[in-house]
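Examination of the molecular architecture
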Number of protein chains: 2
Amino acid sequence: MNAMAALADPTRREIVEVLLAAPADAGTLAHMFPISRPAVSRHLRVLREAGVVRSEIVAQRRIYHIESAPLKEIDAWMERYREFWTDRLDRLDAHLQKET
Amino acid sequence: MNAMAALADPTRREIVEVLLAAPADAGTLAHMFPISRPAVSRHLRVLREAGVVRSEIVAQRRIYHIESAPLKEIDAWMERYREFWTDRLDRLDAHLQKET
DNA sequence: GTACTATGTAACAATATGGTTACATACACA
DNA sequence: TGTGTATGTAACCATATTGTTACATAGTAC
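This report concerns the structure included in the present document. (Residues numbered from 1 in each chain as written. Chains lettered and ligands numbered in written order. Predicted model: local features only at pLDDT ≥ 70, side-chain atom pairs only at ≥ 80, totals over all residues. Heavy atoms only, no water.)

**Remarks on the overall build of chain A**
Scanning chain A from terminus to terminus reveals 6 helices and 3 strands. Put simply, chain A runs from its N terminus to its C terminus through helices and strands in the order α-α-β-α-α-β-β-α-α. Expressed as a percentage of the 100 residues in chain A, the buried residues total 38%. Within chain A, counting contacts between residues at least 6 apart in sequence, those at least 24 apart form 48% of the total. (Helix = DSSP H or I, 4+ residues; strand = E, 2+ residues; numbered from the N terminus. Buried < 20%, exposed > 50% of the residue type's maximum accessible area, 1.4 Å probe, protein only. Contact = heavy atoms within 4.5 Å.)

What follows is the structure in structure tokens.
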């Protein structure tokens, strides 16, 4: 659940959104943000260490990809309590679908 | 999406789990954790300011409750990308249920 | 009013976070 | 081999976070 801390930062959340659309190399990611390249590099490291992304080396480039497991883990945490914030109609619906 | 930062801390996540089971007053919450009462009080403040919890005053007690909106917001963020980490079988299942 | 209870805040210290610039490393290619 | 390109790391700084203890505030109850 370390991934939650990784996603607490808005820049890192944006990086994840970009990578969910398509893999990208560090340089491309870097110039999408108004901070220095090393700053982005470190955000990538935090994401990497949390297991949220993985990098693949292609020549001098590092192509970053999303790793789904940690996102799944957060999703599973939410899942346990989802019924709490889902309103009754939605819950009924979910129940009926489970019955099908 | 400030709620994500609030939930980044493991103690606060535990507090949320406790409150999802049932509302509780500050003192009760405080002695569930191995840190001082003021430390818990401040965690509650962070959760309050992120809108994750709300407190109701009853005599000298503050009863804390979960506020569902911020959790819903995180859930919605996940929702946008859920299909990415859901395996194909699950996706097919979801699709068929939607058709029903 | 006084004493007790519950809780938030202030002040402080230690550590973590997120940014910067300068530097190191490694591959590509003429 | 030498030069340019891509990227991570080191050193540093400012600010935020999280804990502590001491104190303030507010309600209860005799």
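**Focus on the protein's contact with DNA strand D**
Residues in contact with DNA strand D amount to 21 residues; listed here are only the nearest, G27(A), Y64(A), S36(B), R42(B) and H43(B). What you see for DNA strand D is that sugar and phosphate hold 57% of its atoms within 4 Å of the protein. R62(A) places a main-chain nitrogen or oxygen 3.3 Å from a phosphate oxygen of DNA strand D. Between DNA strand D and the protein, one listed contact pairs a phosphate oxygen with a side-chain N or O atom of D9(B) at 3.2 Å. The set of elements that each furnish at least two residues to the surface near DNA strand D consists of α3 (26-30), α4 (37-49) and β3 (61-66) of chain A together with α4 (37-49) of chain B. (Near = heavy atom within 4 Å. Polar contact = N/O pair within 3.5 Å; in protein donor to acceptor, adjacent residues only side chain to side chain.)

**Notes on the sheet that holds strand β2 (residues 53-58) of chain A**
Residues and elements named next belong to chain A. In space, the 3 strands of this open sheet follow the order β1-β3-β2, with antiparallel pairing throughout. Edge positions in the sheet fall to β1 (24-25) and β2, since each of these pairs with one other strand and no more. Of the strand pairs in this sheet, β1 and β3 are connected by 2 bridges, and their pairing is antiparallel. Residue pairing for β3: D25 is matched across the bridge by I63. Of the strands in this sheet, β1, β2 and β3 are in contact with helix α2 (residues 10-21), which crosses β3 at around 90°. (Pairing = 2+ DSSP bridges. Axes fitted to C-alpha atoms, helices over the stretch in contact; angles between N-to-C directions.)

**Some remarks on the interface of chain A and chain B**
Between chain A and chain B, the residue contacts involve 23 residues of the former and 23 residues of the latter. Carbon and sulfur atoms make up 69% of the surface buried where chain A meets chain B, a total of about 2500 Å² over both sides. Connecting chain A to chain B are 4 salt bridges. The partner of R80(B) in a salt bridge is E17(A), and the shortest N-O contact between them spans 3.2 Å. Where chain A packs against chain B, one counts 8 residue pairs in polar contact (both at pLDDT 80 or more). If you list the elements that add at least two residues to the side of chain A that touches chain B, you get α1 (2-6), α2 and α5 (68-85) of chain A. Of all the elements, α5(A) adds the most residues to the side of chain A that touches chain B, at 12 residues. Looking at the side of chain A that touches chain B residue by residue, the classes come out as 15 nonpolar, 2 polar and 6 charged. (Buried area = accessible area lost by both parts, 1.4 Å probe. Salt bridge = Lys/Arg side-chain N within 4 Å of Asp/Glu carboxyl O. Nonpolar A, V, L, I, M, F, W, Y, C, P; charged D, E, K, R; others polar.)

**A few points about the relation of the copies chain A and chain B**
At an RMSD of 0.0 Å, chain A and chain B line up after a rotation of 180° and a shift of 0.0 Å along the axis. Taken together, the rotation and translation describe the operation of a two-fold axis. Within chain A, A8(A) has its C-alpha nearest the rotation axis, a separation of 3.1 Å. Of all interface residues in chain A, 100% are interface residues in chain B too; the two copies therefore contact each other through one and the same surface. (Least-squares fit on C-alpha atoms with pLDDT ≥ 70 in both.)

**Overview of the pattern of salt bridges**
A full pass over the atoms with the stated rule returns 12 salt bridges over all chains. Two residues, R82(A) and D75(B), come together in a salt bridge whose shortest N-O distance is 2.9 Å. Within this pair, whereas R82(A) is found in helix α5, its partner D75(B) is found in helix α5 (residues 68-85), the two belonging to separate chains. Of the two residues, R82(A) and D75(B), neither departs from the other in class, the shared state being buried. Each of the salt bridges in this network shares a partner with another, and the network as a whole consists of D75(A), E79(A), R82(A), D75(B), E79(B) and R82(B).

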